[in-house]
Amino acid sequence: MQTPLDLKLLTTFVRAAHSGTLSATAIQVGRTQSTVTMQIQRLEETLGHSLFHRSGSGVALTGHGERFLGYAERILKLQDEALSAFSDHGLRGAITFGCPEDYLIAFFPALLKSFGTIYPDIEIKVVSAPTPDLHRLLHARQIDMALVSTPVAETETLKDIARTEQLAWVGSKPTLELHDFGVGAHGPTTPIPLALAASNALDHKAACDAMDAARMPYKISYASNSLAGLIAVARSGLAISVMMQKAVPSDLFILKSPLPSLPKLGLKVATGEVPQSPTINAFGDHIGKMLPFL
């Protein structure tokens, strides 16, 4: 007679497959690392196959582990669906949600509060990262869902986009003091210093494309995915930054002419390729309904 699969072992296995380290898995499942190791070993004994390659840097799935991961995720998803269908207390479970830092600050408190009122038994864990990194995390199944940026043209359909946000030039003074950056009456004489997100971010590309199109010389004086860092540099007056307009602090100013106009970005909910649980679908629906009104 075959030994039945233990759902706790499956949960530990899936977490370890996604995190790549047993130490991180131990934190996620609330167990010691030695207990996590024992649980993985028990599951491997039940299946009769090794599921992970182990090294000093962490764990990686074997061929059998890759194959079993899909089964384990489907079993756990079915468990969530069954419990939700026959529960008098609504949805339960956990979601790992990814979001860029500026959206996290501007929108997430209201989204979390309103969602938590409806579904108090759903735990939401948050990962802050720029959009390109969030797509990689989704592909690697390290997060369940993300709020990501996408370019928006004026003539582009807004289907699947929950909200649009205007990008803005930001500085420490209400008007651009041209002479501060070597810009004279006849145009720029030295490059304008910019403080931008890292080069893989959409707002970084938008700023550079706008400056190039306007033939305004510029230099990247500071590049970071830390919104706090960009705000600090803008406050110093040493460089101009680019931010989502809603994320501009009250002590900084939105700058316009003679700087070129910046595009809008769309915000959309992205999920992984695997079928989503009712819990994840509920949060995605909630974001889509609430986000346009925040």
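Residues numbered from 1 in each chain as written. Predicted model: local features only at pLDDT ≥ 70, side-chain atom pairs only at ≥ 80, totals over all residues. Heavy atoms only, no water.

A. Up close: the overall build of the chain. A count of helical and extended segments in the chain gives nine helices and 13 strands. Classification of the 294 residues of the chain by burial places 44% in the buried group. Summarising the internal contacts of the chain: among those between residues at least 6 apart in sequence, 74% fall at separations of at least 24. (Helix = DSSP H or I, 4+ residues; strand = E, 2+ residues; numbered from the N terminus. Buried < 20%, exposed > 50% of the residue type's maximum accessible area, 1.4 Å probe, protein only. Contact = heavy atoms within 4.5 Å.)

B. Region of interest: the confidence of the model for the chain. Per-chain confidence: the chain averages 85 in pLDDT, with 89% of residues scoring 70 or above. No element of the chain has a lower mean pLDDT than strand 7 (residues 183-184), at 50, and none a higher one than strand 11 (residues 240-244), at 94. (pLDDT = per-residue confidence, 0-100.)

C. Local environment of the pairing of strand 11. The element strand 11 is largely enclosed, with a buried count of five among its five residues. With four bridges joining them, strand 6 (residues 163-171) and strand 11 adopt antiparallel strand pairing. When the bridges of strand 11 are listed, Val 170 appears paired with Ser 241. (Pairing = 2+ DSSP bridges.)

D. Representation of the pattern of salt bridges in the model. Scanning the entire structure with this criterion turns up seven salt bridges. Among the ionic pairs, Arg 141 bridges to Glu 73, the shortest N-O distance being 2.8 Å. One end of the pair, Arg 141, is in the loop between helix 6 (131-139) and strand 5 (145-152); the other, Glu 73, is in helix 4 (residues 63-85), with 68 residues separating them in the sequence. Owing to a relative accessible area of 30%, Arg 141 belongs among the partly exposed residues under this scheme. You can call Glu 73 buried: its relative accessible area is 16%. Between Asp 133 and Arg 136 there is a salt bridge; the shortest N-O distance is 2.0 Å. Of the two residues, Asp 133 and Arg 136 both sit in helix 6, three residues apart, roughly one turn of that helix. (Salt bridge = Lys/Arg side-chain N within 4 Å of Asp/Glu carboxyl O.)

E. Quick peek at the packing of helix 2 (residues 22-29) against helix 3 (residues 33-47). Here helix 2 crosses helix 3 at 100°, and the two axes come no closer than 8 Å. Looking at the two axes, helix 2 sits roughly perpendicular to helix 3. Note on element contacts: helix 3 touches helix 2 through Gln 33, Val 36 and Thr 37, opposite Leu 22, Ser 23, Thr 25, Ala 26 and Val 29. Classifying every residue of the contact of helix 2 with helix 3 by side-chain character gives four nonpolar, four polar and no charged. (Axes fitted to C-alpha atoms, helices over the stretch in contact; angles between N-to-C directions. Parallel < 35°, antiparallel > 145°, perpendicular 65-115°, else oblique. Nonpolar A, V, L, I, M, F, W, Y, C, P; charged D, E, K, R; others polar.)

F. Seen up close, helix 1 (residues 7-19). If you check helix 1, its first and last C-alpha atoms are 18 Å apart, about what 13 residues at 1.5 Å a residue would give, namely 18 Å. Within helix 1 the residues assigned to the buried category are Leu 9, Leu 10, Thr 12, Phe 13, Val 14, Ala 16 and His 18. Two or three places before Lys 8, at the opening of helix 1, Asp 6 has a side-chain oxygen 2.8 Å from that residue's backbone nitrogen. Just downstream of helix 1 lies Gly 20, where phi reads positive at about 85°. (Expected span 1.5 Å × (residues − 1). Polar contact = N/O pair within 3.5 Å; in protein donor to acceptor, adjacent residues only side chain to side chain.)

G. Summary view of helix 9 (residues 278-290). With 13 residues, helix 9 extends 18 Å from end C-alpha to end C-alpha; this agrees with the ideal 18 Å at 1.5 Å per step. Among the residues of helix 9, those classed as buried are Thr 279, Ile 280, Ala 282, Phe 283, Gly 284, His 286 and Ile 287. Here the buried face of helix 9 lies against strand 3 (93-99), helix 5 (101-118), strand 4 (122-128), strand 5 and strand 13 (264-271).

H. Geometry of unusual backbone geometry. Here the bond from Ser 257 into Pro 258 is cis, since omega is 10°, no more than 30 degrees from zero. Here Pro 258 shows up in the loop between strand 12 (253-255) and strand 13. One non-glycine residue, Arg 141, lies in positive phi territory at about 60°.

I. Local environment of the pairing of strand 4. Summarising the sheet, strand 3 and strand 4 pair through seven bridges and their orientation is parallel. Paired with Phe 97 across the bridge in strand 4 is Val 126. Between the parallel pair strand 3 and strand 4, the chain is carried across by helix 5, and the sense of this crossover is right-handed. (Right-handed = clockwise from strand over helix to strand, strands pointing away.)

J. Layout of the packing of aromatic side chains. Summed over all chains, the structure comprises seven aromatic pairs. Taking the centre distance of 5.2 Å and the plane angle of 80° together, the rings of Phe 97 and Phe 283 count as edge-to-face. Of this pair, Phe 97 sits in strand 3 while Phe 283 is found in helix 9, placing the two residues 186 residues apart along the sequence. Accessibility expressed as a relative area gives 1% for Phe 97, which makes it buried. In this structure an aromatic cluster arises from ring pairing among Phe 97, Phe 108, Phe 115, Tyr 119 and Phe 283. (Phe/Tyr/Trp six-rings, centres within 6.5 Å; stacked < 30°, edge-to-face > 60°.)

K. Representation of the environment of Thr 96. Within the secondary structure layout, Thr 96 lies in strand 3. In sequence terms Thr 96 and Ala 146 are 50 residues apart; their C-alpha atoms lie 8.6 Å from each other. If near-sequence neighbours (up to four positions away) are discounted, Thr 96 is found in contact with Arg 15, Lys 125, Val 127, Gln 142, Ile 143, Asp 144 and Met 145.

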